[in-house]
Structure formats: structure tokens, C-alpha cells
Amino acid sequence: DNLTVLLDESGIKRALTRISHEILERNKGVQDVVLIGIRSGGAFLAEELAQSIAMIEGAAVPVGAIDITLYRDDIKSHTSRLPVGKTEIGFSLQGKKVVLVDDVLFTGRTIRAAMDALMDHGRPECIQLAVLIDRGHRELPIRADFVGRNVPTSLKENVQVIFSAQNQPLEVVLEK
Ligand code: 5GP
Ligand code: MG
């Protein structure tokens, strides 16, 4: 297989630092901002963004995680699928500025399902979307507010987001 490195560890770090600044700028700080990562990659990245925001702003943002496996509208048989993780949102989203975080944005179906699931946790003031990679091929009218890198891909290609055993992002590779 043909592998191309799209982002190395420092490239990912720079992208996440920029996105952190953009989140702070858009929301004029961290007041009412919460991060919700989509398991599994997005949840790891949400933790990274929270650390980065804490470094820049000196303030903590609540972080939650959501598992949307069972909400996917394109998975026909839910009974044969078990959730890969748990949804852990230990706070109300009422009136919050929710930043959804995922590793790769593709058709947009995962984000649609995530927004659906979030509404069970209160009515947020707004929902924004941060992704490390936007690989195109949207099937729904969904776009990201914060993007690490836009990567035009073919449908046959796959983006590998590699994490360490400690869930630190190490590398993003395009697999042709
Ligand atoms: P979508 O629902 O937008 O079609 O796909 C997005 C979800 O599937 C994300 O949670 C993402 O983790 C995963 N995904 C889709 N395409 C890729 C890809 O090329 N590489 C990786 N690593 N994940 C992908
Ligand atoms: Mg995923």
C-alpha cells in the first residue's frame, strides 16, 4: 500500500494549538464552552484541545465523550453491534457552547447522529464542530467550524489517525 504522511506529531500539535486559538477567538474565551469528543479518536483529541486551551487561557473547559455507534442511521442492524465505548457527559449542556470534536469528517452522518444524541443532555446555546481532518465526500449539509487539515481524498483512500498507547496523537497517514 502507498502511505503518505499528512501530519507528523508536531504538525498535529500545531494544528490543535491553532484550533484552540480559533475556538477561544470565536467564543471570546472559555465562558460556557464545553468540548464533547466523539469516541474514540475525537475523544482523545478533545482532551488534547482542553489541555492546549488550558495552557493558552489558564482556564479549564469541561470535556465529555459521546459514542454514536447506536445512532448511526446507516447501520441497519443495531442488535448485532455493541457500543465501542460509553457516553460520558457529566454536566448539563443547557445554554452551553458545545464544541464537538472528531478525528476525521467524511459523510457527516456521525456528526448528524452526535447532534441528535446531544439534544438529550439539554438545549445547548450552539454547537460548533472541530475536526483534525476533513476528507470531503459529504452526504449531508454539515461543515466544520475548525479544521486541522483539509485533505481531498478518493473514496478508496483511508486516513489513518495513529494514537499512542497513552492516547496521544502521533501521526496522520493517507493510505492509498
Ligand atoms: P462520517 O460519519 O462523516 O462518514 O465518518 C466520520 C466518522 O467515521 C468519524 O468518527 C471518523 O472517526 C470515521 N472515519 C470516516 N472516514 C475515516 C477515515 O478515512 N479515517 C479514519 N481514521 N476515520 C474515518
Ligand atoms: Mg470515529
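These numbers were taken from a predicted model, which means no experiment stands behind them.

Novice: Looking at this model, I keep getting lost on the overall build of the protein chain. Mind explaining?
Specialist: Broken down by element type, the protein chain carries three helices and eight strands. Order of helices (α) and strands (β) in the protein chain, N terminus to C terminus: β-α-β-α-β-β-α-β-β-β-β. Against the globule reference of 16 Å for 176 residues, the protein chain gives a C-alpha radius of gyration of 16 Å, in line with a compact fold. C-alpha atoms of the protein chain, sized along the principal axes, occupy 45 × 40 × 30 Å. Expressed as a percentage of its 176 residues, the buried residues of the protein chain come to 47%. Long-range contacts, defined here as pairs at least 24 residues apart, represent 70% of the contacts in the protein chain between residues at least 6 apart. Just so you have it, the protein chain exposes about 9,200 Å², and 49% of that area is on carbon and sulfur atoms.

Novice: Would you explain the pairing of strand β4 (residues 97-105) in this entry?
Specialist: The buried count for β4 comes to eight of nine residues, which makes it a mostly enclosed element. Sheet topology places β4 next to strand β5 (residues 126-134); eight bridges connect them, and they run parallel. Bridge assignment links D102 to a residue of β5, and that residue is V131. In this view, the connection linking β4 to its parallel neighbour β5 by way of helix α3 (residues 109-118) has right-handed handedness.

Novice: Any chance you could explain the nonpolar core here in plain terms?
Specialist: The nonpolar side chains of a soluble globular protein tend to be buried with one another. Core analysis: the largest hydrophobic core is formed by 29 residues, its most contacted members being I23, L35, L132 and V172. No other element matches helix α1 (residues 9-27), which puts six residues into this core. Setting aside chain neighbours within four positions, we find V172 in contact with T4, V5, L6, L7, I12, L132, I133, V159, Q160 and V161. Counting 20 residues, the second largest nonpolar core, distinct from the first, contains I36, I38, A117 and L118.

Novice: Got a minute to help me understand the pattern of salt bridges in this structure?
Specialist: Where side chains of opposite charge bring their charged atoms close, a pairing between them can arise. A complete count under the given rule lists nine salt bridges for this structure. For R18, the salt bridge goes to E22, with nearest N and O atoms at 3.1 Å. Within this pair, R18 and its partner E22 are both found in helix α1, separated by four residues, close to a single helical turn. Here R138 ties to D134 by a salt bridge, and the two come within 2.8 Å at their closest N and O atoms. Taking relative accessible area as the criterion, R138 reaches 27% and is therefore assigned partly exposed. For D134, a relative accessible area of 10% translates into the label buried.

Novice: Just to check I follow, could you spell out the site of ligand 1 for this structure?
Specialist: Taken together, twelve residues form the shell around ligand 1, and within it D103, T107, G108, T110 and V159 come nearest. Taking T110, its side chain carries an N or O atom lying 2.5 Å from an oxygen atom of ligand 1. Within the side chain of R135, an N or O atom sits 2.9 Å from an oxygen atom of ligand 1. If you list the elements that add at least two residues to the shell around ligand 1, you get β4, α3 and β7 (158-163). Ranked by the residues each element gives to the shell around ligand 1, the list is headed by β4, at three residues. Taken together, the residues that form the shell around ligand 1 break down as three nonpolar, four polar and five charged.

Novice: Please clarify how the side chain of E175 should be interpreted in this entry.
Specialist: Residue position: E175 is located in strand β8 (residues 169-175). Buried and unpaired, E175 has no salt bridge, with R135 as the nearest side chain of opposite charge at 9.0 Å. At 2.9 Å, the side chain of E175 forms a polar contact with the side chain of Q160. In contact with E175, not counting residues within four places along its chain, are D1, N2, L3, E157, N158 and Q160.

Novice: Looking at this model, I keep getting lost on the sheet that holds strand β6 (residues 146-150). Mind explaining?
Specialist: Remark on secondary structure: sheet strands pair via backbone hydrogen bonds, oriented parallel or antiparallel. Taken together, the five strands give an open sheet; going across it, the order is β3-β2-β4-β5-β6, and neighbouring strands pair in parallel fashion. Each edge of the open sheet is held by one strand with a lone partner, namely β3 (63-66) and β6. Taken pair by pair, the neighbouring strands of this sheet meet at an average axis angle of 25°, ignoring direction. The pairing of strand β2 (residues 33-38) with β3 spans four bridges and is parallel.

Cut-offs applied
Residues numbered from 1 in each chain as written. Chains lettered and ligands numbered in written order. Predicted model: local features only at pLDDT ≥ 70, side-chain atom pairs only at ≥ 80, totals over all residues. Heavy atoms only, no water. Helix = DSSP H or I, 4+ residues; strand = E, 2+ residues; numbered from the N terminus. Rg over C-alpha atoms; globule rule 2.2 N^0.38 Å. Buried < 20%, exposed > 50% of the residue type's maximum accessible area, 1.4 Å probe, protein only. Contact = heavy atoms within 4.5 Å. Areas by Shrake-Rupley, 256 points an atom, 1.4 Å probe, with all protein chains shown as cover. Pairing = 2+ DSSP bridges. Right-handed = clockwise from strand over helix to strand, strands pointing away. Core = buried A, V, L, I, M, F, W, Y, C linked by side-chain atoms within 4.5 Å. Salt bridge = Lys/Arg side-chain N within 4 Å of Asp/Glu carboxyl O. Near = heavy atom within 4 Å. Polar contact = N/O pair within 3.5 Å; in protein donor to acceptor, adjacent residues only side chain to side chain. Nonpolar A, V, L, I, M, F, W, Y, C, P; charged D, E, K, R; others polar. Lys, Arg positive; Asp, Glu negative; His and termini not counted. Axes fitted to C-alpha atoms, helices over the stretch in contact; angles between N-to-C directions.

By themselves, these observations are geometric and do not establish any function.
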